[in-house]
Amino acid sequence: MRIKVCGMTSAGQVLQLDDMGVEFAGFIFYPKSPRYVYKFMSRQEIKKIKGRGINKVGVFVNAPVEEVLQAVDDCGLYLVQLHGDETPKYCEKIADYVTVVKAFRLRENENVLWKVKDYRDIADMFLFDTDGAGYGGTGRKFDWKMLQGLNIGKPFFLSGGIEPGDTDKLKEFVKDPVAKDLFSIDVNSKFEISPGIKDMNKIKDFITAIKQV
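All of these numbers come straight from a predicted model, not from anything done at the bench.

S.K.: If you had to explain unusual backbone geometry to someone new, which residues and values would you point to?
M.R.: With phi around 50 degrees, Asn62 is a residue other than glycine that occupies positive phi space. Tracing the chain through its elements places Asn62 in the loop between β3 (55–60) and α3 (65–75). Despite not being glycine, Asn109 has its phi angle at roughly 65 degrees, a positive value. Turning to its location among the elements, Asn109 is positioned in the loop between β5 (99–106) and α5 (112–116). A residue is classified by how much of its surface remains accessible, and Asn109, at 69% relative accessible area, is exposed.

S.K.: Please provide a residue-by-residue account of the packing of helix α1 (residues 11–20) against helix α7 (residues 200–210), values included.
M.R.: With their axes 11 Å apart at the nearest point, α1 and α7 run at an angle of 20 degrees to one another. One element, α1, and the other, α7, form an angle in the roughly parallel class. Note that α1 runs across α7; the crossing there is right-handed. Contact with α1, carried on its side by Gln13, Gln16, Leu17 and Met20, involves Met200, Ile203, Lys204 and Ile207 of α7 and no other residues of that element.

S.K.: Which residues make up the side chain of Thr9, and what values go with them?
M.R.: Note that Thr9 resides in the loop between β1 (2–5) and α1. With a relative accessible area of 6%, Thr9 lands in the buried category. Within the structure, the side chain of Thr9 is placed 2.7 Å from the backbone oxygen of Gly196, a separation counted as a polar contact. Those residues in contact with Thr9 that lie beyond four places of it in its chain are Arg35, Phe40, Met41, Gly196 and Ile197.

Calculation notes
- Each chain carries its own residue numbering, running from 1 in the direction its sequence is written.
- Reporting of local features is limited, given that this is a predicted model, to residues whose pLDDT is at least 70; pairs of side-chain atoms are given and counted only at 80 or more, and all residues count toward the totals for whole chains, interfaces and linings.
- Each side-chain value is worked out from all heavy atoms of the structure, with water and hydrogens disregarded.
- We count a stretch as a helix when DSSP gives it H or I for four or more residues in a row; a strand needs E for two or more, and each element gets its number in order from the N terminus.
- With a 1.4 Å probe rolled over the protein chains alone, any residue whose accessible area is under 20% of its type maximum counts as buried; one over 50% counts as exposed, and the rest are partly exposed.
- Note on method: axes are straight lines fitted to C-alpha atoms, helices fitted across the in-contact stretch only, with angles between N-to-C directions ranging 0 to 180 degrees.
- Roughly parallel means an angle under 35 degrees; roughly antiparallel, over 145; roughly perpendicular, 65 to 115; everything else is oblique.
- Note on convention: near helix rotated counterclockwise from far helix by under a right angle means a left-handed crossing. Clockwise means right-handed.
- Any two residues whose heavy atoms approach within 4.5 Å are treated as being in contact.
- As used in this structure description, the phrase polar contact means that two N or O atoms lie within 3.5 Å; if the pair is within protein, one of them must be able to donate a hydrogen and the other to accept it, and residues adjacent in sequence are counted only when both atoms belong to side chains.

Quick look at the structure:
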């Protein structure tokens, strides 16, 4: 199972993730986030990060198209994750240039397939997270039961407060038919010492367990 560790603020930690076999490192380009990457690293520092197998993902919230595309070039991003209220037309402009992951913040009992339908032919992948005040990850648990039995029909990232003790729950989730489209799991705040600084021992133990799924 692929793993994305989001909210990275240190080149050294990204390279440690690469050594552990993590496939994706997320950098948050949302100024209101405590993990806003430009508070910690310059464009040049981000661009210089070149692991053997890890891919850089830029997370944006309602940013101007030109700003997103400039960051893709300046920082050498492989994927763009759109975590705001971006319209299908907006996503299409970005998708013409780079692979797009459209994030959906889901409320309890929300109709998932209805929410994603206008993006199905535009976004390359989806990400499902918990809805909350403001934008970005909430760290709150996402009710995976909302996805069970669905045919998403698009590769998706599973996010929403995933923590070190969730490996057994993830093993159960992958038995559900919806998991045929599960592309990667996405972790962040539950694996931190402080915002943007990861607890690498927790991540290493989690990877060891999750790679057996």
